[in-house]
Amino acid sequence: MCVLYPDLLGTYGDGGNGLVMAERARRRGIDVTLVEVGIGDAVPVANLYLMGGGEDGPQRLAADLLRLSIFGGAVRDGAHVVAVCAGLQILGETFCIEGNDQYEGLGMVAAVTTRGERRAVGELAVRVGTNLLVGFENHGGQTSLGGLAPLGTVTKGRGNDGRVDGYRTKNIWATYAHGPVLAMNPWLADEVLSSLIGTPLEPLHTAADLLYRERCRVLDS
Amino acid sequence: MAQGSKLRHVVASGALRAVNALSRWSGRGSGTVAGGRVGLKIAPDLATVLTKDRTVVLVSGTNGKTTTTSMVATGWGGEVTTNQTGANMPAGHVAALVGGRSTNVALEVDEAWLAKTARTTDPRVIVLLNLSRDQLDRANEVRQMAERWRTMLTASTSPTLVVVANANDPLIVYAAETSARPLWCDVPTTWLADAVSCPKCTLAISHVGTSWHCSCGFAKPLAITTTLRDELVVDGEMVELELAMPGEFNRSNAAMALTALHAVHVELQGAATRINALQSVVGRFSVRRWRGHSLQLLLAKNPSGFASMLATLAPNEADVWVAINARIADGRDPSWLYDVPFELLRGHTVYCLGERRLDLATRLDYAQVAYEIVDDETSLPSSKATIALLANYTAFSDWLARSQA
């Protein structure tokens, strides 16, 4: 498992997602190595890449570094990605930085991000199948998906455009719920983990279950 | 000044006093912000009028604002006009300026209000402590703050303004380097996670020993104030620092407060003696009683503050209480808990308190730290030893209010 550029994409406690994935795997007896890739490091081949949120300049640098790395090839070969906020934008065709300048993304999905009229700051809740995804968003992006499937339907907050949030491909989960989204939503962490190992998982009871129930109660009213 | 305008300021100051007296008398508030708002409504330029012919020192930064402002005020000696209650926006400033008579003024300023406050109060000194992630739901991104400060200092036309700035924080150096008279302070600064990538060119900053530089040429400036173990040197003069308050971060705060006082010609040895004797600042670091427990209240409201505070805990302290809220004054988003190195608490048992105790418990669980979720505070186990209670902003206020000296 590889956390990509926490120096650049780690504004909102996003490093927590790597920690959560590794811990949930280890507690089920799955052997995991968690690595953080810094600005000067080469991107290693990994089963799972995690990308967080970042500010304009660092986001642009992260996109440039990833463009030159093996990352695109690894994902085409089936590596999984959990991408949050700036990470969500970088994987797309273009995103917006420093005012309204369009910057070229990695083009791995059809998402296009422009600057929203207002910044979206606040609680975010997204209906994903039978589950509710709960979290917090803080971004200026407005993302259109072309034909890409969204991750889910927004019930509170803005997400991509006030209607849907993020996107989902066979091996990519992307959302605007930043920071420790996988800590707050243990079901999502286990969905990604289960897909990685190719078998269903036994439930794991942790404090996160209590937290998830509480946030659902607060946000699903 | 025109007669009508002068009258307006007299009326504004009078109204401010009246509202604050009423607010304190009715027990509805501590009596600072409400009156300040009324005063500013009547005379929007009240701060400018009230700071005329006064020597103003402004203090801003993510962590240490209140403590450093208190150190400036205490170190100055005699009566100093200051906003001790932490009301650090314009309404709080004018209330303090009306309330205090001294021509020596030390004001704590919220980061987002610094540019405006600097325009209206004609400060002699601005102290810039540090910049790191804090309340991102309100201030958005920390680099934008550095950019705004840089714009403010580039545009300043004051012939006397001195900027006392932390040379070890690249974001602060970026903000202050265009000012005409920077006084750089080489003080311990542990949290650099927000300045790993260069604020000028976004490439990686190299840290070598106590120095740092980027390949674009941006680098640590030469400092006038340096700290070496217990010794502090300000502009060539050696000063003994033996603070009553704990923590390396307080040594940094004291060094910057003394540099600011040096800039307004306060004699350093006397100032240091007064700062050394400070025991606590608005309850921070104070030992309090609560239901038979003895608690040391430690304010920690963001990753950098928490990291510094965790480093002050004795390794053998068995129980630690941590209280976390996420009200507006705390920032509504507790994601920052994942940027705090809670792994340092392995070996302790942490009692999780506050409205967001489940967020904290989840964080501790993943950090493999033993924890108890405290839904019923009467169930907390008693202890003979003084317990460290770390709390973020509103949780700290709650615990200060419910405990006794």
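See the structure printed just above.
Each value, and the rule that gives it
- Along each chain, residue indices are assigned from 1 in the same order as the chain's sequence is written.
- Chain labels run from A onward and ligand labels from 1 onward, assigned in the order the entries are written.
- Under the rules for a predicted model, residues below a pLDDT of 70 receive no local features and side-chain atom pairs below 80 are neither given nor counted, while totals for whole chains, interfaces and linings still include all residues.
- In computing side-chain properties, one takes all heavy atoms of the structure into account and sets aside hydrogens as well as water.
- Working convention: axes come from line fits to C-alpha atoms, limited for helices to the stretch in contact. Angles between N-to-C directions cover 0 to 180 degrees.
- In this description a helix means any DSSP run of H or I spanning at least four residues, a strand means any run of E spanning at least two, and both kinds are numbered starting from the N terminus.
- The scheme is simple: roughly parallel for angles under 35 degrees, roughly antiparallel for over 145, roughly perpendicular for 65 to 115, oblique for anything else.
- Handedness of each helix crossing follows the sense of rotation of the near helix against the far helix: counterclockwise by less than a right angle gives left-handed, clockwise gives right-handed.
- In what follows, a contact means two residues having at least one pair of non-hydrogen atoms within 4.5 Å.
- Side-chain classes are defined by residue name, with Ala, Val, Leu, Ile, Met, Phe, Trp, Tyr, Cys and Pro counting as nonpolar, Asp, Glu, Lys and Arg as charged, and the others, Gly among them, as polar.
- Put simply, buried Ala, Val, Leu, Ile, Met, Phe, Trp, Tyr and Cys residues joined by side-chain atoms within 4.5 Å make one nonpolar core.
- Accessibility here uses a 1.4 Å probe with only protein chains present; expressed as a share of the type maximum, an area under 20% marks a residue as buried, one over 50% as exposed, and anything in between as partly exposed.
- What counts as a domain boundary in this text is fixed by an automatic or database domain assignment.
- Within this document, salt bridges are pairs made up of a side-chain nitrogen of Lys or Arg and a carboxyl oxygen of Asp or Glu, the two lying within 4 Å of each other.
- Side-chain rings of Phe, Tyr and Trp, where Trp is taken by its six-membered ring, are said to pair if the distance between their centres is within 6.5 Å; with planes under 30 degrees apart they count as stacked, over 60 as edge-to-face, and otherwise as tilted.
- Any Lys NZ or Arg CZ found within 6 Å of a ring centre and within 35 degrees of that ring's normal is scored as a charge over the ring.
- Note: buried area is the sum, over both parts, of the accessible area (probe 1.4 Å) each one loses when the two are combined.

(A) Here's a closer look at the packing of helix α7 (residues 207-219) of chain A against helix α13 (residues 357-366) of chain B. Closest axis-to-axis distance for the α7 of chain A/α13 of chain B pair is 8 Å, and the angle between their directions is 155°. Considered as vectors, α7 of chain A and α13 of chain B are oriented roughly antiparallel to each other. Handedness of the crossing formed by α7 of chain A with α13 of chain B: left-handed. Contacts from Ala-207, Ala-208, Leu-210, Leu-211 and Glu-214 of chain A in α7 of chain A reach Leu-358, Asp-359, Ala-361, Thr-362, Asp-365 and Tyr-366 of chain B in α13 of chain B. Looking at the contact of α7 of chain A with α13 of chain B, its residues break down into 7 nonpolar, 1 polar and 3 charged.

(B) Main features of the nonpolar core. With 142 residues, the main nonpolar core has Phe-71 of chain A together with Leu-390 of chain B as its most contacted residues. Broken down by element, this core gets its largest block of residues, 9 residues, from helix α10 (residues 248-263) of chain B. Per-domain counts for this core show at least three residues from each of domain 2 (50-276) and domain 3 (287-402) of chain B. Core analysis: the second largest hydrophobic core is formed by 44 residues, Val-56, Val-98, Met-152 and Tyr-174 of chain B among them.

(C) Quick look at α13 of chain B. Taking burial as the measure, the 10 residues of α13 of chain B include 9 buried ones, the bulk of the element. At its buried positions, α13 of chain B is contacted by α1 (16-26), α5 (181-184) and α7 of chain A together with β14 (319-323), β15 (349-353) and β16 (370-373) of chain B. Backbone geometry just downstream of α13 of chain B places Gln-368 of chain B in the positive-phi region, at approximately 60°.

(D) Here's a closer look at the pattern of salt bridges. Applying the stated criterion across every chain yields a total of 22 salt bridges over all chains. With a shortest N-O distance of 3.4 Å, Glu-214 of chain A and Arg-215 of chain A are connected by a salt bridge. Here Asp-398 of chain B ties to Arg-327 of chain B by a salt bridge, and the two come within 3.1 Å at their closest N and O atoms. Here Arg-327 of chain B lies in the loop between β14 and β15 and Asp-398 of chain B lies in helix α14 (residues 393-402), a separation of 71 residues in the sequence. You can call Arg-327 of chain B partly exposed: its relative accessible area is 31%.

(E) View of the packing of aromatic side chains. Residue and element names in this part refer to chain B. Summed over the entire model, instances satisfying the criterion amount to 10 aromatic pairs over all chains. Every member of this aromatic cluster is reached through a ring pair, and the members are Tyr-174, Trp-212 and Phe-218. Above the face of the Tyr-174 ring, Arg-150 is positioned so that its terminal group lies 4.3 Å from the ring centre. Of note, Arg-402 hangs over the ring of Trp-399, and the distance from its end group to the ring centre comes to 4.1 Å.

(F) Summary view of the interface of chain B and chain A. Counting from both sides, the interface comprises 31 residues of chain B and, opposite them, 35 residues of chain A. Roughly 2800 Å² is buried in total at the junction of chain B and chain A, and carbon and sulfur atoms are behind 57% of that figure. Among the residues chain B hides against chain A, the three largest losses belong to Glu-141, Tyr-338 and Tyr-366 of chain B. Together they make up 24% of the total. Across the pair Asp-365 of chain B and Arg-27 of chain A runs a salt bridge whose closest N-O atoms are separated by 3.0 Å.

(G) Just the packing of α1 of chain A against helix α6 (residues 186-197) of chain A, in detail. All names here are of chain A. Contact pair α1 / α6: the axes reach a minimum separation of 10 Å and the direction vectors enclose 70°. In terms of axis orientation, α1 runs roughly perpendicular to α6. When you trace α1 past α6, the crossing you get is right-handed. Every residue of α6 that contacts α1 at Val-20, Met-21, Arg-24 and Ala-25 is listed here: Pro-186, Ala-189, Asp-190, Val-192 and Leu-193. Taken together, the residues that form the contact of α1 with α6 break down as 7 nonpolar, no polar and 2 charged.

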